[in-house]
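# Coordinates in review
The chain contents come next:
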Amino acid sequence: MRKSLFLFLFLLVSHFSQAQFYVAGIHFNGSLPSGQLKQETESTFFPTLSGIVLYEFQSAPIQVGMELGYGIYGSNLELRTDLYPGFTDELRLRRNNNLATGMAVIRYLPVVNNKVTPFIEAQMGANYLYTRYKIREEIYSDQAIESGKDYEDWALAYRIGGGIQIPIDSKEMLFLELRGTFQDGNVARFLQKGDVGYDPNEGKFIYDFRRAPLKYMTFSVGLVWYDVF
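Residues numbered from 1 in each chain as written. Predicted model: local features only at pLDDT ≥ 70, side-chain atom pairs only at ≥ 80, totals over all residues. Heavy atoms only, no water.

It is worth spelling out the packing of aromatic side chains at this point. The final tally for this structure, using the stated rule, is ten aromatic pairs. For the pair Tyr-151 and Phe-209, a centre-to-centre distance of 4.5 Å together with 55° between the ring planes defines the contact as tilted. Here Tyr-151, found in strand β6 (residues 146–169), pairs with Phe-209, found in the loop between β10 (204–207) and β11 (210–213); they are 58 residues apart in sequence, far enough to count as distant. By relative accessible area, Phe-209 is classed as partly exposed at 28%. In textbook terms, an aromatic cluster arises when at least three aromatic residues are bridged by ring pairs, as seen for Phe-46, Tyr-73 and Tyr-216. Seen from the ring of Phe-119, Arg-107 lies directly overhead, with NZ or CZ sitting 4.0 Å from the centre. Above the plane of the ring of Phe-209 lies Arg-189, whose end atom (NZ or CZ) is 4.3 Å from the centre. (Phe/Tyr/Trp six-rings, centres within 6.5 Å; stacked < 30°, edge-to-face > 60°. Helix = DSSP H or I, 4+ residues; strand = E, 2+ residues; numbered from the N terminus. Buried < 20%, exposed > 50% of the residue type's maximum accessible area, 1.4 Å probe, protein only. Lys NZ or Arg CZ within 6 Å of the ring centre and 35° of its normal.)

A few words on the environment of Glu-152. Along the chain, Glu-152 turns up in strand β6. What Glu-152 contacts, discounting residues up to four positions off in sequence, is Tyr-128, Leu-129 and Tyr-130. A polar atom in the side chain of Glu-152 sits 2.3 Å from the side chain of Tyr-128. At 3.1 Å, the side chain of Glu-152 and the side chain of Lys-149 are in polar contact. (Contact = heavy atoms within 4.5 Å. Polar contact = N/O pair within 3.5 Å; in protein donor to acceptor, adjacent residues only side chain to side chain.)

So, in structure tokens, the structure goes:
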């Protein structure tokens, strides 16, 4: 399934790389979990930054393309002296919980007579959740003593939603975009802030995994440019 999804996204990008009329944008997104995900995360806020590239058909008010996003939904810093046997200097253990997304997008923009342009859209793709850690001697250390990935998981998902585009600069074809989407997805295992402990006697981390479908509402504010290529 994952290989099929990535093949579909690759073919989509390859096809539209030959097109002449593109729309590109950048969005600041905030997601609020619902259902079981809300219970597991205690309403953790998921912030992400995403970029979108769309191709608009000249013969129909339809845009197709893809959107890629990334964000850190939790960060935790521990000052520890027991990470390595025989070494008691205080070290900084930083752990970040990351969310990356890749979505194929299709939009429909109905023909309207006013300046504000509404749209509805559907997305299909995947969410990649992973947790990484770094151990440093001090905050400004150039190199980490140790770094690694605690855990990672993939989950397929789809989104439906809509929004409006408001013109900012007609000459530059620049628009303010306000959007809301709802995501439903497969069950994923993930970690959030405070879910990783450490056993100094065994010298290993202890994980308290959470498990839930990736279901959440996302609200976005962004800028989009028409005819960028």
